[in-house]
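# Secondary and tertiary structure notes
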Amino acid sequence: MKQINYPSSHRLLEYFTKLNQLLEKSTPLWQVRAFEAKALPWEGMFPSLAKAVWTLDDDKLDGLDANQAALVEALAPALTEDLAALGVDWDLSLLTQTLSDISGAVLSKTNELDTKGLAHFSAHIKGRKWEQITAFVQHLPQYGLPVLEWCAGKGHLGRLIAKSRGVDVVSLEWQEALCEEGQAFAEKWHLTQQFVCADAFAIEPKGHRTRQQQTTNPFREEQQAVALHACGDLHVRLLQLAATANTQALAISPCCYHLIHAEQYQGLSSLAKASALRLSRHDLQLPLQQSVIANPKQQSLRLREIAWRLGFDALQRECRGIDAYLPLPAIKQSQLSDSFEAFCHWAAQQKSVSIGNISDFQSWLAIGQQRQQLTRRIDLVAHLFRQVLEQWLILDRCCFLQEQGYRVQLGEFCPNSVTPRNALILAFKTTEFYG
């Protein structure tokens, strides 16, 4: 097994504190709802930044949005000028810090996989998903421990671990059909993989089980628990249950931070609990907002939909006499091939809005297009801080594990082009915390 270089616990704590300070100071720029705005909400405080975003060409916005370094390079000088005028100092170097910068080391592969010899394992798995799975396994420390695969789906990850590592794997999944399909594959290929059909939220830590809670706790001390892109509360639940069970090793890649039961984010570590930040589900979506430059047709349809939604929003405010945003459900792509007028009638029906005898729909569409220019720039500035917020959330998990007696390593298991959710948290329970 290759030696893992764990950063000092103080290093992660110090970075969390720095990120927290920046996020607390900058909330006017990123804790915003662009669709509800009629002007740049922070323009009075940051006039140079406002001027900078309005000088950007519309056709350049998606390119900047897809490249964090380019985005910071384009907007940081204006923001720095505004901060100087305000007499305050923010550590803007954090905007481009990577997880490797934070941990002080780059995660290295622990083994190489012969992916060509595993063609039957990747059948029916989309290319990028298979790349994620293989990259995750290649960075997984080899302890020789039995593995618990959390929120397994069909068990693609656990299947590859069982095959490549030769260890026993328990794959936990709540959908029975997926368990049956995964188990059939495991038996066909004689893998040491066993599926458990259970609700992750029905599992109680040892000592907390009641008669109504009959789900067996699958967590053990002598075990390595893994989760690739378990969403929101699901990966948080893994951390809590594993820490309570003193599970020896963990490897998780967090995803979809906004998928939580609570109305606001509940910090895990003592530092996050002490923070002044109050994060709504909407705020927690910020790390997931990163443009992927699509082909011209897809890009055109996306921009058309935004303009149409904003045009109808302006119309419904007028018709209802209520100056408030009214969210609409998702639409079919085919609807975008119809007219804006047809879209407005559909939207009005969905939200029970009477649009009367409106005939000049083009004027409302023009308003929507103007508001689209505004919202794209509000979002662009907010996106300066999306990486910082995600790192804050990741470090909250790392600091929590450190408080529970784990040594923690942090890094990226694959390139951003494979998935932007490429963070990998590795944790190992230190012996002095046993017993």
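Our structure is the block above this text.
Heads up: these notes are all about the structure in this document.

### Observations regarding the pairing of strand β3 (residues 193-197)
Taken together, the five bridges between strand β2 (residues 169-173) and β3 define a ladder with parallel strand orientation. Residue Glu-173 lies in a different strand from β3, and its bridge partner there is Cys-197. Each parallel crossover has a hand, and for β2 linked through helix α9 (residues 176-188) to β3 it is right-handed.

### Section: the pattern of salt bridges
This model, assessed by the stated rule, comprises 13 salt bridges. A salt bridge links Asp-313 to Arg-317; its shortest N-O distance comes to 2.9 Å. Of this pair, Asp-313 and Arg-317 both sit in helix α13 (residues 296-320), four residues apart, roughly one helical turn. By the burial criterion, Asp-313 is buried, and Arg-317 matches it. A single network of salt bridges, built from pairs that share partners, joins Lys-38, Asp-313, Arg-317, Asp-323 and Arg-371.

### What about the packing of aromatic side chains?
Applying the stated criterion across every chain yields a total of eleven aromatic pairs. An angle of 45° between the planes, with centres 5.6 Å apart, marks the rings of Trp-308 and Phe-343 as tilted. Of this pair, Trp-308 sits in helix α13 while Phe-343 sits in helix α14 (residues 340-350), and the two are 35 residues apart along the sequence. Take Trp-308 and Phe-343: they sit in the same class, and that class is buried. Between Phe-343 and Trp-346, the aromatic rings sit 5.7 Å apart at their centres with planes inclined by 35°, giving tilted as the arrangement. With Phe-343 and Trp-346 both in helix α14 and three residues apart, this pair spans about one turn of that helix. For Phe-343, a relative accessible area of 3% translates into the label buried. Put simply, the rings of Trp-308, Phe-340, Phe-343 and Trp-346 touch in pairs and so form one group of aromatic residues. The lysine or arginine in question, Lys-18, covers the ring of Tyr-15, its NZ or CZ lying 5.1 Å from the ring centre.

Quick notes on the rules
- Residues numbered from 1 in each chain as written.
- Predicted model: local features only at pLDDT ≥ 70, side-chain atom pairs only at ≥ 80, totals over all residues.
- Heavy atoms only, no water.
- Pairing = 2+ DSSP bridges.
- Helix = DSSP H or I, 4+ residues; strand = E, 2+ residues; numbered from the N terminus.
- Right-handed = clockwise from strand over helix to strand, strands pointing away.
- Salt bridge = Lys/Arg side-chain N within 4 Å of Asp/Glu carboxyl O.
- Buried < 20%, exposed > 50% of the residue type's maximum accessible area, 1.4 Å probe, protein only.
- Phe/Tyr/Trp six-rings, centres within 6.5 Å; stacked < 30°, edge-to-face > 60°.
- Lys NZ or Arg CZ within 6 Å of the ring centre and 35° of its normal.

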